[in-house]
Amino acid sequence: MADVVVGKDKCGEQRLVLLPLSRIRVIMKSCPEVSSINQEVLVLTAKATELLVQYLATLVQYSYRHGSGKEKKVLTYGDLANTAEESETFQFLTDILPKKILAGKYLKMLKEEKREGDEENDDDNGSDHDEAES
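Residues numbered from 1 in each chain as written. Predicted model: local features only at pLDDT ≥ 70, side-chain atom pairs only at ≥ 80, totals over all residues. Heavy atoms only, no water.

As annotated in an unreviewed UniProt entry, the chain carries the name Chromatin accessibility complex protein 1 and is attributed to Callithrix jacchus. Note on the chain: under the UniProt heading Subcellular location (unreviewed entry), the record states "Nucleus". Annotation of the chain in UniProt includes, under Function (unreviewed entry), the sentence "Forms a complex with DNA polymerase epsilon subunit POLE3 and binds naked DNA, which is then incorporated into chromatin, aided by the nucleosome remodeling activity of ISWI/SNF2H and ACF1. Does not enhance nucleosome sliding activity of the ACF-5 ISWI chromatin remodeling complex." (UniProt positions renumbered as here; feature names shortened; annotations may be inferred.)

Moving on, we get to the overall build of the chain. Counting its secondary structure elements, the chain contains five helices and two strands. Scored against the burial criterion, the 134 residues of the chain give a buried share of 16%. Taking contacts inside the chain between residues at least 6 apart in sequence as the whole, the part at least 24 apart equals 30%. Of the roughly 10900 Å² of accessible surface on the chain, 55% is carried by carbon and sulfur atoms. (Helix = DSSP H or I, 4+ residues; strand = E, 2+ residues; numbered from the N terminus. Buried < 20%, exposed > 50% of the residue type's maximum accessible area, 1.4 Å probe, protein only. Contact = heavy atoms within 4.5 Å. Areas by Shrake-Rupley, 256 points an atom, 1.4 Å probe, with all protein chains shown as cover.)

With that out of the way, let us pick up a negative patch on the surface. Residues E112, E113, E116, D118, E119 and E120 make up a contiguous surface patch of negative charge. Along the chain, the position of E116 falls in helix α5 (residues 103–133). The class of E116 is partly exposed, set by a relative accessible area of 48%. (Patch = residues over 30% accessible without salt bridge, like charges linked within 9 Å, V, L, I, M, F, W, Y side chains within 5 Å. Salt bridge = Lys/Arg side-chain N within 4 Å of Asp/Glu carboxyl O. Lys, Arg positive; Asp, Glu negative; His and termini not counted. Charge placed at Lys NZ, Arg CZ, Asp CG, Glu CD.)

Let's shift gears to the packing of aromatic side chains. Tallied over the full model, the rule gives two aromatic pairs. Their ring planes at 40° and their centres at 6.2 Å tell us that F90 and F92 sit as a pair that is tilted. Through successive ring pairs, a cluster of aromatic residues spans Y55, F90 and F92. In this structure, K100 is placed above the aromatic ring of Y77, and the distance from its NZ or CZ to the ring centre is 5.0 Å. (Phe/Tyr/Trp six-rings, centres within 6.5 Å; stacked < 30°, edge-to-face > 60°. Lys NZ or Arg CZ within 6 Å of the ring centre and 35° of its normal.)

Okay, structure coming up:
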């Protein structure tokens, strides 16, 4: 494990991971079930997170090159959200990275859902009423 060197810190020493371990420790300790964190676990978590972010960045870059980003030459939140939605590996991120929609469009969707729900309730009540008459 110590054979893999990724970068150098401020003092010129070689580092195994690029992410700041102190911040990862703070995030891990924010969980009430965690009382102490072994240094090896901290480094492995940091490295796994780093690899996940690198892989996601690679997918987004591929999506950007072969998608709508070509015209704009700008990588956007939408590119990241599309990649998370389209990639089976990153389906768990769709709740965190939802596609952006306009407020008016969202309100229209809510009205349609409510209308459909009301129609279903009316259908259910009507069929119950028909059965009661029989």
